[in-house]
Amino acid sequence: FFPISSPHPQPTCSCTMLGSRLHQRIRHFPLCHARTATFQASKSSHVGQVVIVEKSGVDLLHDPLYNKGTGFTKSERDRLKIRGLVPPRVLPLDQTISIQLRRLQHRYKQLNKPLTKYMWLNNLQDRNEVLFYRYLTENIEAMAPIIYTPTVGIACQQFAQIFRRARGMYFSAYDRNNMNAMVYNWPIDDVQIIVVTDGSRVLGLGDLGSNGMGIPIGKLSLYTAGAGVHPSRTLPVVLDVGTNNLELLNEPMYLGVQRNRLVGDEYLDLVDEFISAVTQRWPKILIQFEDFSNENAARLLAKYRNKVLCFNDDIQGTGAVALAGILSALRVAGRPVVGKDNFSLADERIVICGAGTAGLGVANSLKFAMTASGAKNVESHKRFWLLDVDGCLGSGRENLTPGQEN
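Residues numbered from 1 in each chain as written. Predicted model: local features only at pLDDT ≥ 70, side-chain atom pairs only at ≥ 80, totals over all residues. Heavy atoms only, no water.

**Observations concerning helix α15 (residues 313–332)**
Phase 1: Helix length check: α15, at 20 residues, gives a terminal C-alpha distance of 27 Å against a target of 28 Å (1.5 Å per residue), a fit within 8%.
Phase 2: The set of residues buried in α15 consists of D313, D314, I315, G317, G319, L323, L327 and L330.
Phase 3: Of the surrounding elements, those touching the buried residues of α15 are α11 (214–227), β6 (286–289), α14 (294–304), β7 (310–312), α16 (344–347) and α17 (357–372).
Phase 4: The N-terminus of α15 is capped by N312, whose side-chain oxygen sits 2.9 Å from the backbone nitrogen of D314. (Helix = DSSP H or I, 4+ residues; strand = E, 2+ residues; numbered from the N terminus. Expected span 1.5 Å × (residues − 1). Buried < 20%, exposed > 50% of the residue type's maximum accessible area, 1.4 Å probe, protein only. Contact = heavy atoms within 4.5 Å. Polar contact = N/O pair within 3.5 Å; in protein donor to acceptor, adjacent residues only side chain to side chain.)

Structure representation (structure tokens):
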């Protein structure tokens with residue numbers, strides 16, 4: 001066993017054992033929750049980081065963060081008590097990785113339907129996260145539409161039917177007054193980002209209740225693959241406040257709370273308890289609100305944005321990306337974005353197809369940029385037309401949300 005001189009050894013990241021591009025992205029993020037046993041890779045420039053683990057034997061092989069499949073060395077197999085629990089052939093590290101990836105690619109090519117590919121990748125993630133992210137990062141263009149949109153929408157619709165293993169946490173209407181204790185059921189002390197949904201407006205599919213868990217899982221997988229966030233530092237969450245989807249209310253296999261959604265103060269109190277619980281355990285946590293209904297998305301963001309580190313991806317993320325695209329287009333066209341006498345962005349006429357959370361987020365981001373560049377607020381309003389299924393938003397329309405009225 002490797003001597004431990006500090007309760008927080010640096011660096012201690014399981015993914016460094018593969019010496020992959022993922023390692024190069026996340027090697028500066030130590031994993032500090034394990035204490036008792038270690039194994040060590042070779043001394044090359046890409047590997048050699050010490051990984052501290054609490055598990056051995058079958059328990060280690062069943063932990064996707066530490067399981068390397070056939071990649072354990074002979075000495076690791078002895079020290080970690082897994083000799084005989086994996087196939088006996090041992091190859092050099094680079095060859096092992098190459099063969100593992102070839103095996104994955106061979107199997108993946110045999111799969112035809114996107115949902116089947118999603119389930120297969122999900123199963124790989126549950127077995128071996130290091131290999132999953134290596135495979136994902138090397139095939140990101142092909143895999144991103146599988147682990148996230150559009151395939152994740154189909155997966156959410158059939159979430160209960162294809163469910164195999166729990167991932168993330170569920171805070172439900174049945175858990176009121178227990179959330180402060182529940183958060184300690186999660187084994188990681190250094191969670192840095194939570195993606196949370198209440199499943200009320202999943203993509204364009206409507207109310208999917210707890211089936212919406214596929215969205216936080218997929219989003220955080222992309223954060224690891226694209227931004228190098230260590231998977232142990234992420235936590236997908238569903239706030240299960242019920243569902244108004246009659247099909248789910250009558251579905252025997254549905255895994256969520258089968259009652260109508262909480263509304264009003266009951267709903268807000270539950271969200272408040274959740275926010276309080278997670279920020280108490282992880283004071284520096286970043287909370288990302290994802291796929292909340294039009295009614296709740298804006299008011300939750302307004303309530304918490306100045307209290308905790310949080311953002312709403314549908315409102316702010318989509319808006320930021322749309323603004324960046326338009327600013328880039330203006331530069332390519334040779335038109336000034338800002339200037340003393342020519343505020344080019346403020347001169348554009350903006351038509352947005354869709355007046356939900358994302359459409360309003362785009363409008364607000366563009367309007368903010370217009371006013372920041374010198375345009376008057378009243379004038380910037382006149383540059384926008386928002387369309388939904390009933391036509392153009394205007395003063396003659398009824399049943400508009402507060403955001404749409406604004």
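**Some details on the pattern of salt bridges**
Phase 1: Using the criterion set out here, one finds 19 salt bridges in the structure.
Phase 2: Residues R134 and E138 are paired through a salt bridge, measuring 2.6 Å at the closest nitrogen-oxygen approach. Residue R134 and its partner E138 are located together in helix α6 (residues 129–138), separated by four residues, close to a single helical turn.
Phase 3: A relative accessible area of 14% places R134 in the buried class.
Phase 4: A residue is classified by how much of its surface remains accessible, and E138, at 37% relative accessible area, is partly exposed.
Phase 5: Linking K303 and D272 is a salt bridge whose minimum nitrogen-to-oxygen distance equals 3.9 Å. One end of the pair, K303, is in helix α14; the other, D272, is in helix α13 (residues 264–281), and 31 residues separate them in sequence.
Phase 6: Residue K303 is classed as partly exposed on the basis of its relative accessible area, which comes to 29%.
Phase 7: Overlapping salt bridges bring together D126, E129 and R167 as one network. (Salt bridge = Lys/Arg side-chain N within 4 Å of Asp/Glu carboxyl O.)

**What about the packing of aromatic side chains?**
Phase 1: Under the defined criterion, the tally for this structure stands at eight aromatic pairs.
Phase 2: Taking 6.2 Å as the distance between ring centres and 80° as the angle between the ring planes, the aromatic pair formed by W120 and Y135 counts as edge-to-face. Placement of W120 in helix α5 (residues 114–127) and of Y135 in helix α6 is noted, with a sequence separation of 15 residues between them.
Phase 3: The buried category is assigned to W120, whose relative accessible area is 17%.
Phase 4: Between F289 and F292 the ring centres are 5.6 Å apart and the planes differ by 85°, which places this aromatic pair in the edge-to-face class.
Phase 5: Among the residues examined, F292 registers a relative accessible area of 1% and is labelled buried. (Phe/Tyr/Trp six-rings, centres within 6.5 Å; stacked < 30°, edge-to-face > 60°.)

**What about the packing of α5 against helix α7 (residues 140–147)?**
Phase 1: The geometry of α5 relative to α7 is characterised by a closest axis approach of 9 Å and an angle of 95° between their N-to-C directions. On the basis of their axis angle, the class for α5 and α7 is roughly perpendicular. Each of P114, K117, Y118 and L121 in α5 lies in contact with α7, whose residues at this interface are M143, I146 and I147.
Phase 2: Each residue belonging to the contact of α5 with α7 can be placed in one class, and the counts come to six nonpolar, no polar and one charged. (Axes fitted to C-alpha atoms, helices over the stretch in contact; angles between N-to-C directions. Parallel < 35°, antiparallel > 145°, perpendicular 65-115°, else oblique. Nonpolar A, V, L, I, M, F, W, Y, C, P; charged D, E, K, R; others polar.)

None of the figures reported here should be taken as evidence of function without further support.
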